[in-house]
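What follows is the residue order along each chain.
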Amino acid sequence: MSMPGRVKKYLAIGIMAAAVIVASVFVRRFTSAKQIIAQPLAFNHKVHIETASLNCKDCHLNVEKMAVATIPSIEVCQTCHNDEPISKSPVEKEVLGYVAEKKEIPWIQVYSVPDHVYFSHRRHVTLGGLECSTCHGNIAASTAPVSFQTMPVTMETCINCHRQNKISTDCLACHK
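Residues numbered from 1 in each chain as written. Predicted model: local features only at pLDDT ≥ 70, side-chain atom pairs only at ≥ 80, totals over all residues. Heavy atoms only, no water.

Student: Mind showing me how you'd approach the nonpolar core here?
Tutor: Most often, soluble globular proteins have nonpolar side chains that are buried together. Counting nine residues, the largest nonpolar core consists of L41, I74, C77, V91, V95, Y98, V99, I105 and W107. Of all the elements in the fold, those that place two or more residues in this core are α4 (74-78) and α5 (90-101). No other element matches α5, which puts four residues into this core. Residues contacting Y98, with those up to four places away along its chain left out, are P40, L41, I74, K103, E104, I105 and P106. (Core = buried A, V, L, I, M, F, W, Y, C linked by side-chain atoms within 4.5 Å. Buried < 20%, exposed > 50% of the residue type's maximum accessible area, 1.4 Å probe, protein only. Helix = DSSP H or I, 4+ residues; strand = E, 2+ residues; numbered from the N terminus. Contact = heavy atoms within 4.5 Å.)

What follows is the structure, encoded as structure tokens:
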């Protein structure tokens, strides 16, 4: 094979690779398909906020103190849901079953960041004064469990928020 033939071959491979990259970026950026996660129980945030007068930090105990907000443990649920139902909800009966068995509800985590990224709820909520709804949408009005990311956890989303709020966009502020 002559040199010009090799150059043509590598050029064609390069063009195909670039086309694949552009297509994948286009599909990821411009499709609205959300990954929906099926949770084990039909948890109703709205009932807990409006009827029980709870707020986010009542169940997500570490949201103001630590990097991770934590998914509520069965001990947290047990503070209100003990032996007897406090409503007629069939979901509450399921919760009472978990409590009786001292078994954690197998919630599936929806929000996460890659291992090379450091995100702190304490830093954003306590120090930054952000409301949970900033990233999690109007979760207080939600009658269904969290099953998708309201705001996608992407570098672009985070950088845009940092720029809008005049917060550092230095790589080392968030990347390990």
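Student: Which parts of the structure should I look at to understand the side chain of H81?
Tutor: Considering the arrangement of structural elements, one finds H81 in the loop between α4 and α5. Note on H81: relative accessible area 13%, which makes it buried. At a separation of 2.9 Å, a polar atom in the side chain of H81 contacts the side chain of E92. For H81, the residues in contact, after removing those within four places along its chain, are H48, I86, E92, V95, L96 and V99. (Polar contact = N/O pair within 3.5 Å; in protein donor to acceptor, adjacent residues only side chain to side chain.)

Student: Can you help me understand the confidence of the model for the protein in this one?
Tutor: The predicted coordinates of low-pLDDT regions are not to be read in fine detail. In this model, the protein carries an average pLDDT of 87, and 84% of its residues clear a pLDDT of 70 or more. Confidence drops under pLDDT 50 across residues 26-32; counting only partners more than four residues distant or on other chains, this segment forms three contacts. (pLDDT = per-residue confidence, 0-100.)

Student: What is the right way to look at α5 in this model?
Tutor: Because the α-helix completes a turn every 3.6 residues, residues three or four places apart line up on one side. Between its first and last C-alpha atoms α5 spans 17 Å; for twelve residues at 1.5 Å apiece the expected length is 16 Å, and the two agree. Within the sequence span of α5, burial applies to V91, E92, V95, L96, Y98 and V99. In an axial view of α5, the angular spread of the buried residues amounts to 155°, which keeps them on one side of the axis. Seen from the open side of α5, the exposed residues pointing more than 90 degrees away from its buried face are P90, K93, A100 and E101. Tucked inside the fold, the buried residues of α5 contact α4. The backbone nitrogen of V91 lies 3.1 Å from a side-chain oxygen of the residue at the head of α5, namely S89. Phi for K102, located one or two positions after α5, is positive at around 55°. (Expected span 1.5 Å × (residues − 1). Arc of directions from axis to C-beta.)

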